[in-house]
Amino acid sequence: MEKPVIDDAYYKLLRELQEIDFVLVELNLYLDTHPGDAGALNQYNDFALKRQSVACEFEKRYGPLMNFGHSYSGYPFQWKESPWPWEV
Amino acid sequence: MWIYEKKLQYPVRVSKCDPRMAKYLIEQYGGADGELSAALRYLNQRYTIPPKVVGLLNDIGTEEFAHLEMIATMVYKLTKDLTPEQMVAAGLGDHYVNHDKALFYHNASGVPWTAAYIQAKGDPIADLYEDIAAEEKARATYQWLIDITDDVDLQDSLKFLREREIIHAQRFKEAVEIIKEDQASKKFY
């Protein structure tokens, strides 16, 4: 697989994923202390589903987000390729 | 088990060449109220905290590592292209002679991180009050950091981190109420 281009589209999609993940972190911590809030739980599950499709799209274009078999990899092993988060 | 995700929790950009700021930001990397202290404090306390709030300590402790990575990214971006002379000029000469441009867990004055910065009392109220205080102190540090830079991109990331401290403190305060309620309830076995 060719090295992905880090352009505006990369930052836009990354930002979209970061926004969804922010909602999920917030709802997760809220649910840790309000486990019986069904409305918040519905939002959490909705965003978990939405997260899957955005993460999948990101990985298709820019390579695996996670290690240890939680993401698929193209050949040769893409995980160890830059950019690392502190490089972008 | 932790799985690494190859992205920052929130974007980190620096729009100014201001290596002096790296010297101050390191306070939140290896300082007493920094992100390393926070992560290790909560993830250590979670084993003996009552079951109702284990999840909260686990999750906030994990989020702190994402914050540690954001601080590291700020320091890395501010220092990566510096010459030794520029490091000396920015007040980073002490750092350079010991670490070159490697990051290290010390505070803004160069004092290395120590486990003495964190506590684990085993008493849930004592531990949670410590956690609330730690979040408030980190929030204050972020405010001082925001005050001493005029880099709007850096300020944006620091403001995100400052807000997270507020949320964490609020969640810990809720955890105190959950524990108090649990301790006050009559238990039948």
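Owing to the predicted nature of the structure, the values given are computational and were not obtained by experimental measurement.

S.K.: Lay out the overall build of chain B in plain terms, naming residues and giving numbers.
M.R.: For chain B, the count of helices and strands is eight helices and zero strands. When the helices and strands of chain B are listed from N to C terminus, the series reads α-α-α-α-α-α-α-α. Over its C-alpha atoms, taken along the principal directions, chain B stretches across nearly 70 × 30 × 30 Å. Residue burial in chain B is summarised as follows: out of 189 residues, 37% are buried.

S.K.: An account of the overall build of chain A is needed here, citing residue identities and associated values.
M.R.: Broken down by element type, chain A carries two helices and zero strands. Taking 12 Å as the expected radius of gyration for a compact globule of 88 residues, we find that chain A reaches 15 Å, considerably beyond that expectation. Dimensions along the principal axes, computed over C-alpha positions, put chain A at roughly 45 × 30 × 20 Å. Across the 88 residues that make up chain A, the buried fraction comes to 12%. For chain A, contacts bridging at least 24 residues in sequence account for 46% of all contacts bridging at least 6.

S.K.: Lay out the packing of helix α7 (residues 124-147) of chain B against helix α8 (residues 152-184) of chain B in plain terms, naming residues and giving numbers.
M.R.: All names here are of chain B. Taken N-terminus to C-terminus, the directions of α7 and α8 make an angle of 165°; their axes are 9 Å apart at the nearest point. The pairing of α7 with α8 is recorded here as roughly antiparallel in orientation. The hand of the α7/α8 crossing is left-handed.

S.K.: Which residues make up the packing of helix α1 (residues 8-33) of chain A against helix α4 (residues 51-79) of chain B, and what are the values?
M.R.: Between two packed helices, the angle of one axis relative to the other and the distance separating the axes together describe the packing. The interhelical angle for the contact between α1 of chain A and α4 of chain B, taken along N-to-C directions, is 155°, at an axis separation of 9 Å. With respect to their mutual orientation, α1 of chain A and α4 of chain B come out roughly antiparallel. The interaxial crossing formed by α1 of chain A with α4 of chain B has left-handed handedness. Facing Val 25, Asn 28, Leu 29, Asp 32 and Thr 33 of chain A of α1 of chain A, the residues of α4 of chain B in contact are Gly 55, Leu 56, Asp 59, Ile 60 and Glu 63 of chain B. Taken together, the residues of the contact of α1 of chain A with α4 of chain B sort by class into four nonpolar, three polar and three charged.

S.K.: So what's going on with the interface of chain A and chain B? Residues and values would help.
M.R.: Taken residue by residue, the interface counts 17 residues in chain A and 23 residues in chain B. Its residues assigned to classes, the side of chain A that touches chain B shows ten nonpolar, five polar and two charged.

S.K.: I'd like a description of α1 of chain A, backed by residues and values.
M.R.: Along an α-helix, residues three or four positions apart point the same way, because every turn accommodates 3.6 residues. Here α1 of chain A contains 26 residues, and its C-alpha end-to-end distance of 38 Å stays within 8% of the 38 Å for a straight helix at 1.5 Å per residue. Burial in α1 of chain A covers these residues: Leu 14, Asp 21, Leu 27, Asn 28, Leu 29, Tyr 30 and Asp 32 of chain A. Of the surrounding secondary structure, the elements contacted by the buried residues of α1 of chain A are α2 (38-62) of chain A together with α4 and α8 of chain B.

S.K.: Let's hear about unusual backbone geometry: which residues, and what values?
M.R.: Residues and elements named next belong to chain A. The residue after Tyr 75, namely Pro 76, is reached through a cis peptide bond having omega -10°. By secondary structure assignment, the location of Pro 76 is in the segment after α2. Look at the link from Ser 82 to Pro 83: it is a cis peptide, with omega at 5°. Topologically, Pro 83 is positioned in the segment after α2. Of note, Phe 68 is a non-glycine position whose phi angle comes to about 55°, a positive value. By C-beta crowding, Phe 68 is classed as exposed, having 10 other C-beta atoms within 10 Å.

S.K.: Describe the confidence of the model for chain B, and please don't skip the residues or the numbers.
M.R.: Low-confidence regions, as indicated by low pLDDT, have predicted coordinates that should not be scrutinised in detail. For chain B, the mean per-residue pLDDT works out to 97, and 100% of the residues sit at or above 70. Among the prediction metrics, the complex's ipTM stands at 0.96, with pTM recorded as 0.97.

S.K.: Which residues make up α2 of chain A, and what values go with them?
M.R.: For α2 of chain A, spanning 25 residues, the distance from its first C-alpha to its last is 35 Å, which sits close to the expected 36 Å at 1.5 Å a residue. Looking one or two places after α2 of chain A, you find Gly 63 of chain A, whose phi comes out positive at around 95°.

S.K.: Quick one: what's the story with the environment of Ser 15 of chain B, residue by residue and with numbers?
M.R.: Residue and element names in this part refer to chain B. By the secondary structure assignment, Ser 15 is in the segment before α1 (19-25). A tally of 12 C-beta atoms within 10 Å means that Ser 15 is categorised as exposed. Sequence spacing of Ser 15 and Ala 120 is 105 residues, and the spatial spacing of their C-alpha atoms is 40 Å. Not counting residues within four places of it along the chain, the set of residues in contact with Ser 15 comprises Asp 151, Val 152 and Asp 153.

S.K.: How would you sum up the nonpolar core? Please name residues and give values.
M.R.: Counting 41 residues, the largest nonpolar core has Ala 22, Leu 25, Tyr 29, Met 70, Ile 71, Met 74 and Val 75 of chain B as the members making the most contacts within it. Among the elements of the structure, α1 of chain A together with α1, α3 (35-45), α4, α7 and α8 of chain B are those that each provide at least two residues to this core. In contact with Leu 25 of chain B, not counting residues within four places along its chain, are Ile 71, Met 74, Val 75 and Leu 145 of chain B.

Rules used throughout
Residues numbered from 1 in each chain as written. Chains lettered and ligands numbered in written order. Predicted model: local features only at pLDDT ≥ 70, side-chain atom pairs only at ≥ 80, totals over all residues. Helix = DSSP H or I, 4+ residues; strand = E, 2+ residues; numbered from the N terminus. Buried ≥ 20, exposed ≤ 12 C-beta atoms within 10 Å, placed from the backbone. Rg over C-alpha atoms; globule rule 2.2 N^0.38 Å. Contact = placed C-beta atoms within 7 Å. Axes fitted to C-alpha atoms, helices over the stretch in contact; angles between N-to-C directions. Parallel < 35°, antiparallel > 145°, perpendicular 65-115°, else oblique. Left-handed = near helix turned anticlockwise from the far one by under 90°. Nonpolar A, V, L, I, M, F, W, Y, C, P; charged D, E, K, R; others polar. Expected span 1.5 Å × (residues − 1). pLDDT = per-residue confidence, 0-100. Core = buried A, V, L, I, M, F, W, Y, C linked by C-beta atoms within 7 Å.

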